[in-house]
Amino acid sequence: SRVGRGWVVSETHFAVWILSATAGRPVAGLFGQTNRVTMLPFAPDGTLLASASHDQTARLWRIPSGAASGIPIRHSKSVVRVVFSPNAERLATVEYSSDGSLFDERTRCSIRTWETMNGREVGVPIPTLAGVRGLSFDATTGRRLLWGDYEPWLNVFDAETHLPLYPHLTFQRSLFQCMAFRPD
């Protein structure tokens, strides 16, 4: 069930606010990030919100109360993307190293998956070759992850094993900015 109408916004002071669509004012503040927030997706049922931050954490928040749900999901680098699986049982995050020290000078990002109930990591991080542009679980089962690199190809991996399901899907036209699975 949906919990109501509203928005979330992030300020430069690292606070996240839940705003009421009917009252046009903040109804709850989410405090805990200590650096810039980079992404704020809602779970499909609207009862959880995830935040990704340059403070090297992803966090879960209960909606509409704004209470923290569990402990911060710690990373070794800035978290720049976070997405929910269709049933909200998993999160996928992208951590980014601006200095290249995460894997080597060419691999600066990794994709990690987590259980939302307990923050336990699923599998091992997936190193990417050229960054991550967009990230999506498949819309029906949540068993596949799709993302584009800063190269002209798409990647489809198994969300459980983190093994590639297809070789790089190559396109010679341009880079991909956004991508999503069709829900059927």
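Right above here is the structure, for reference.
Residues numbered from 1 in each chain as written. Predicted model: local features only at pLDDT ≥ 70, side-chain atom pairs only at ≥ 80, totals over all residues. Heavy atoms only, no water.

Quick notes on the overall build of the protein
- Assigned secondary structure in the protein consists of 0 helices and 15 strands.
- Buried residues in the protein amount to 46% of all 184 residues.
- Restricting to contacts in the protein with at least 6 residues of sequence separation, those with at least 24 account for 36%.
- Accessible surface computed for the protein: about 9,800 Å², of which carbon and sulfur atoms make up 54%. (Helix = DSSP H or I, 4+ residues; strand = E, 2+ residues; numbered from the N terminus. Buried < 20%, exposed > 50% of the residue type's maximum accessible area, 1.4 Å probe, protein only. Contact = heavy atoms within 4.5 Å. Areas by Shrake-Rupley, 256 points an atom, 1.4 Å probe, with all protein chains shown as cover.)

Structural notes on the sheet that holds strand β5 (residues 48-53)
- On the basis of which strands lie adjacent, the open sheet formed by 4 strands has the order β4-β5-β6-β7 and antiparallel pairing. Because the sheet does not close on itself, it has two edges, and the strands there are β4 (37-39) and β7 (73-74).
- Direction of pairing for β5 relative to strand β6 (residues 57-62): antiparallel, over a ladder of 5 bridges. Across the sheet, the residue bridging to Leu 49 is Trp 61, located in β6. (Pairing = 2+ DSSP bridges.)

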